[in-house]
Amino acid sequence: MTRTPPGSGWCSTAPCPCGIPGPESRRNSRASHPKASRAGRAGSDEGAMTTPAVRVRYAPSPTGQPHIGTVRTALFNWLFARHHGGKFIVRVEDTDQERLVPGSQQNILESLKWLGIQWDEGPEVDGPFAPYIQSERQKLGIYHRAAEQLIRGGNAYRCYCTREQLEQVRTQQREDKVQTRPKDPCSALSHQQRRDREAEGAPSVVRFAMPSTGTTSVQDLIRGEVTWQNEVLDDFIIIKSDGFPTYHLANVVDDHLMDISHVLRAEEWLPSTPRHVQLYRALEYAPPLFGHMPMILGPDRSKLSKRHGATSALEYRDNGYLPEALRNFMVLLGWSLDDKSEVMSLDTMVQNFTLERVSKPAAIFDQEKLLWMNGVYLRQFSHQELASRMLPFLERDLDKRLLPVDMDYLRRIAPLIQERIKLLSDAADLTSYFFQSELEYDSANLVQKGMDQMGTLAAFRRALPVLTAAPGFTHSVLDESLRAAGAELGLSPRQFFGVLRVAVTGRTATPPLFETMEVLGRQRVLGRLHEAIGRLSPA
RNA sequence: GGCGCAUUCGUCUAGUGGCCCAGGACGCCGCCCUCUCAAGGCGGAGAUCAGGGGUUCGAAUCCCCUAUGCGCUACCA
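## Considerations on the protein's contact with RNA strand B
1) Next: Near RNA strand B, the surroundings consist of 65 residues, among which Lys-240, Glu-342, Glu-419, Arg-420 and Thr-510 are the closest.
2) Next: Sugar plus phosphate: this is where 71% of the atoms of RNA strand B within 4 Å of the protein reside.
3) Next: Contacts to RNA strand B include Ser-336, whose side-chain N or O atom sits 2.9 Å from a phosphate oxygen.
4) Next: Between RNA strand B and Pro-512 there is a distance of 3.0 Å, counted from a base oxygen to a backbone nitrogen or oxygen.
5) Next: Elements with a minimum of two residues in the surface near RNA strand B: helix H5 (163-175), strand E6 (224-229), strand E11 (363-364), helix H12 (367-380), helix H18 (493-505) and helix H19 (513-520).

## Considering the pattern of salt bridges
1) Next: Enumeration over the complete set of coordinates arrives at 25 salt bridges.
2) Next: In this structure, Arg-137 engages Asp-254 in a salt bridge whose closest nitrogen and oxygen atoms are separated by 2.6 Å. Of this pair, Arg-137 sits in helix H3 (residues 134-138) while Asp-254 sits in helix H7 (residues 247-257), and the two are 117 residues apart along the sequence. Each of the two residues, Arg-137 as well as Asp-254, counts as buried.
3) Next: Glu-488 is paired through a salt bridge with Arg-462; the nearest N and O atoms lie 2.9 Å apart. Here Arg-462 lies in helix H16 (residues 453-469) and Glu-488 lies in helix H17 (residues 475-489), a separation of 26 residues in the sequence.
4) Next: One salt-bridge network, in which partners are shared between bridges, spans Arg-57, Arg-91, Glu-93, Arg-137, Asp-254 and Asp-255.

## Remarks on the sheet that holds strand E3 (residues 156-159)
1) Next: Strands sit in the order E3-E4-E7 across an open sheet of three strands; the sheet is antiparallel. Only two strands of the sheet have a single partner each, and these edge strands are E3 and strand E7 (237-239). Along the sheet, successive strands turn relative to each other by an average axial angle of 45°, direction set aside.
2) Next: Two strands pair when backbone bridges link them, and strand E4 (residues 205-208) and E7 are joined in this way by two bridges, in the antiparallel orientation. Bridging across to E7, Arg-207 finds its partner in Ile-237.

## Remarks on the environment of Thr-505
1) Next: You can see Thr-505 is positioned in helix H18.
2) Next: On the basis of relative accessible area, Thr-505 is assigned to the buried category, the value being 2%.
3) Next: Those residues in contact with Thr-505, other than ones at most four positions away along the chain, are Tyr-433, Leu-439, Thr-510 and Thr-516.
4) Next: One polar contact links the side chain of Thr-505 to the main-chain carbonyl oxygen of Arg-501, over a distance of 2.6 Å.
5) Next: One polar contact links the side chain of Thr-505 to the main-chain amide nitrogen of Arg-507, over a distance of 3.0 Å.

## Re the layout of surface pockets
1) Next: Here the largest pocket defines a volume of roughly 1,100 Å³.
2) Next: Taken together, 40 residues line the largest pocket, and the ones lying closest to its centre are Ser-61, Thr-70, Arg-99, Glu-268 and Trp-269.
3) Next: Examining the composition of the lining of the largest pocket, we find that five residues originate from one element, helix H1 (residues 68-83), more than from any other.
4) Next: Among the residues making up the lining of the largest pocket, the classes are represented as 17 nonpolar, 12 polar and 11 charged.
5) Next: One number sums up the size of the second largest pocket: a volume of about 670 Å³.

## Section: the packing of H16 against helix H20 (residues 522-536)
1) Next: Relative to each other, H16 and H20 sit at 155°, their axes nearing to 10 Å. Relative to H20, H16 is oriented roughly antiparallel. As H16 runs across H20, the sense of the crossing is left-handed. On H20, the residues touching Gln-453, Thr-456, Leu-457, Phe-460, Arg-461, Ala-463, Leu-464, Leu-467, Thr-468 and Ala-469 of H16 are Arg-522, Val-525, Leu-526, Leu-529, His-530, Ala-532, Ile-533 and Leu-536.
2) Next: Among the residues making up the contact of H16 with H20, the classes are represented as 12 nonpolar, four polar and two charged.

Parameters at a glance
- Residues numbered from 1 in each chain as written.
- Chains lettered and ligands numbered in written order.
- Predicted model: local features only at pLDDT ≥ 70, side-chain atom pairs only at ≥ 80, totals over all residues.
- Heavy atoms only, no water.
- Near = heavy atom within 4 Å.
- Polar contact = N/O pair within 3.5 Å; in protein donor to acceptor, adjacent residues only side chain to side chain.
- Helix = DSSP H or I, 4+ residues; strand = E, 2+ residues; numbered from the N terminus.
- Salt bridge = Lys/Arg side-chain N within 4 Å of Asp/Glu carboxyl O.
- Buried < 20%, exposed > 50% of the residue type's maximum accessible area, 1.4 Å probe, protein only.
- Pairing = 2+ DSSP bridges.
- Axes fitted to C-alpha atoms, helices over the stretch in contact; angles between N-to-C directions.
- Contact = heavy atoms within 4.5 Å.
- 1 Å grid on protein atoms, 1.4 Å probe; cavity = no way out; pocket = protein on both sides within 12 Å on 5 of 7 lines; lining within 4 Å.
- Points joined across faces, edges and corners; volume = space filled by probe spheres on them.
- Nonpolar A, V, L, I, M, F, W, Y, C, P; charged D, E, K, R; others polar.
- Parallel < 35°, antiparallel > 145°, perpendicular 65-115°, else oblique.
- Left-handed = near helix turned anticlockwise from the far one by under 90°.

Below, the structure is given as structure tokens:
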């Protein structure tokens, strides 16, 4: 009945860098590992070729709050690396100087840390291929050397066209319904013409000369073989006029230099993959394996964005979600262990994560299910753990006059709200009446359905001596004695306990009354009862 | 418009040609438990497997076509 968990038994760990999860792979992506054959190309790289190891990277660009989709991609890369005993590398792709947002690099790293995704190489930790920030790597000249190499080999050329000129060509082509890619006029410039333009000091970019015939294919680890007609692919820019490389060049050069074995990125990158494949070919680099992960969509099926609510991991943190819950929820967006497992430990994820169980269709981010999962994790905590997790939120949200929070007291409150709390950010609201010296509530709430003012007052007056005299202020004692008192008054438990609840907590919905009273303690309870009696008594 | 990818309950998904007139989970509904609110237990509704053609003794699963959705189509990543 139980299926063999996929992954176990197939890929032991280290020596299975292939990304092809098992002998029975349902996808015909059984191509051999390109890097494995690199030994043959000898010295083109570092020389010594051993068993290729899994080296994957997360390459965010610091242009704002890291989107939940890119964080999920980081998670998948990390799990893949851990599953195969490989390395997970973070590389900051800040080649777009115009879109840089200060502080976003910190946000990205903080998101990863919060989620428990540790990187083996990258900012802060460095590693054998440092630096890990492209603007710093730029200074090494690696991108320009690659571009020069391509120009020399006839695989790239300088282009002097202005944006306006290009826009014209493009719209013209569109009007003429030309199906093939726009051929860049500068590709046909003569040597003399180029010299002239350079002498004029004309600004230029470097374009890659895409082959204009034939096809380019990639054996995608998730989607199988994908093929493009080269004639529809354009001569994309590899070096911008500000001298910075574009993503296309930088990522190929760096992935090569950093010995990346698998490029696992979001599906939106699939269309530019033939460019990268051609770059690898022209540069004579052994290409990595590619795998394109499903995207994450909002409820309206469009790319998840601000309009759909929180889109960055840190927002979820501030909104009271647990990293454990968000991580678990995210891993299920596009991956599954089997037909049943949902709530699972990190360890289980690592042990079972294989690309073959990554699904193809884009997934919609279901906030409701995340909320449920957050509750599941919250309920699994020990009282101590829950109290510790709530503390920072209480310090943030509770009236400052109620601080500092007494940890011992909080630890006793924790079990009472554990089944009721769904977000840590609810903690203050759920527990405020434990801390307040003066309750704030509408006196009208004291008199509940089926009761009148006098009856309510009588109930309070009857409860007073019982609570005062209770031998030990524990929930079992209180339960017994108050239940008896209520019966004497001819009130149903619902009525009697209901009015007491409001008097003691100011709320109509709380954890069980007697447990709540026990934690509050005799003094607070009696004080609040007196207060309630005062509120109801005719002046 | 072009190119590419995708398509199983509202949503996340299981499914690797017979075990599937399709299983699990969230959400929803009902019942139970019960001092309120939760949590929990039990049950239910919910998918003509996008549609149409093939292949096969047999198709959610393989092939083709169509439709729809999404992505890309920047000196952004």
